[in-house]
Amino acid sequence: YAIKSNIETYENGVWENVEDLMFYTGKKKGVLYYCLKDLSNDWHPELIISTYLESENEYLPGVIYHYIEEKGIVWSFLSEGMTARIYDGGIVEMEGSGAYEPLLYYRFFSDDSGDLEFLGYYTIQVQDGEAKYFEEAGKGDGKREISEKEYKEIIAAYTAVLIDLEYLPIEGFCEAY
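What you see is a predicted model, and the numbers here were worked out from it, not measured in a lab.

Cut-off values and rules
Residues numbered from 1 in each chain as written. Predicted model: local features only at pLDDT ≥ 70, side-chain atom pairs only at ≥ 80, totals over all residues. Heavy atoms only, no water. Buried < 20%, exposed > 50% of the residue type's maximum accessible area, 1.4 Å probe, protein only. Helix = DSSP H or I, 4+ residues; strand = E, 2+ residues; numbered from the N terminus. Pairing = 2+ DSSP bridges. pLDDT = per-residue confidence, 0-100. Salt bridge = Lys/Arg side-chain N within 4 Å of Asp/Glu carboxyl O. Axes fitted to C-alpha atoms, helices over the stretch in contact; angles between N-to-C directions.

**Some words on the pairing of strand β5 (residues 83–87)**
- Where burial is concerned, most of β5 is hidden: four out of the five residues are buried.
- For β5 and strand β6 (residues 91–96), the ladder comprises five bridges, and the chain directions are antiparallel. Each bridged residue has a counterpart across the sheet, and for A84 the counterpart in β6 is M94.
- Counting the residues in the hairpin turn of β5 and β6 gives three residues, including G89, whose phi is positive at 85 degrees.

Here it is in structure tokens:
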């Protein structure tokens, strides 16, 4: 895998394809971490670039690079201001806040496209003092109200097994800039 920045001019041997936010995060915190894991079951491991949150003792994936023969190396930006976690089956959960609290957004790695595909997003809204659960499972399908039981079952199915990823620091990243 090659990592490169969005800088138009670069020299051979300089980092390539570094997603901007990860570049600034790495520069600010002084270190980025990586691991290799086949998330899409296509025999090509994905390169996962993460930061480390000391207060939670947790790595936070920010970008995943994926190789497919037809396209070469493609990447998916995960964070979007949310905490990301990767589960069995290549399911990526992004948790955050927005107009509705909490927001859980799920995508997965397809073995044929190399892209992260949309599974759905789920919100809990308080209306008239009562919690209401909503799902948007298709692009453009709009959201629909679901029961609390249905909400919990869906989330439990997506998050059944958190993948154990072994991260290593990316040596020399900050010294290069």
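On we go.
**Focus: the confidence of the model for the chain**
- Per-chain confidence: the chain averages 76 in pLDDT, with 70% of residues scoring 70 or above.
- Mean pLDDT in the chain bottoms out at helix α1 (residues 20–29), which sits at 59, and peaks at helix α2 (residues 148–158), which reaches 94.

**Observations regarding the pattern of salt bridges**
- Across all of its chains, the model carries eight salt bridges by this definition.
- Between E58 and R85 there is a salt bridge whose closest N-O contact spans 2.9 Å. Pair noted here: E58 is in strand β3 (residues 58–68) and R85 is in strand β5, with a separation of 27 residues, a long-range link. Comparing E58 with R85 shows no difference in burial state: the two are buried.
- A salt bridge links E150 to R144; the nearest nitrogen and oxygen atoms lie 3.2 Å apart.

**Section: the sheet that holds strand β9 (residues 130–136)**
- Strand order across the open sheet formed by six strands is β5-β6-β7-β8-β9-β10, with antiparallel pairing between neighbours. Where the open sheet ends on each side, the last strands, each with one partner, are β5 and β10 (144–146). Looking at each pair of strands side by side, their axes are set apart by 25 degrees on average, direction ignored.
- Where β9 meets β10, three bridges bridge the pair, whose relative direction is antiparallel. Bridge pairing in β10 places Y133 opposite I146.

**Things to note about the sheet that holds β3**
- The sheet built from five strands is open, its strands ordered β4-β3-β2-β1-β11 with antiparallel pairing. Both edges of this open sheet fall to β4 (72–77) and β11 (168–169), since each of them pairs with a single strand only.
- With five bridges connecting them, strand β1 (residues 33–37) and strand β2 (residues 46–53) associate as antiparallel partners. Bridge pairing links L36 to L47 in β2.

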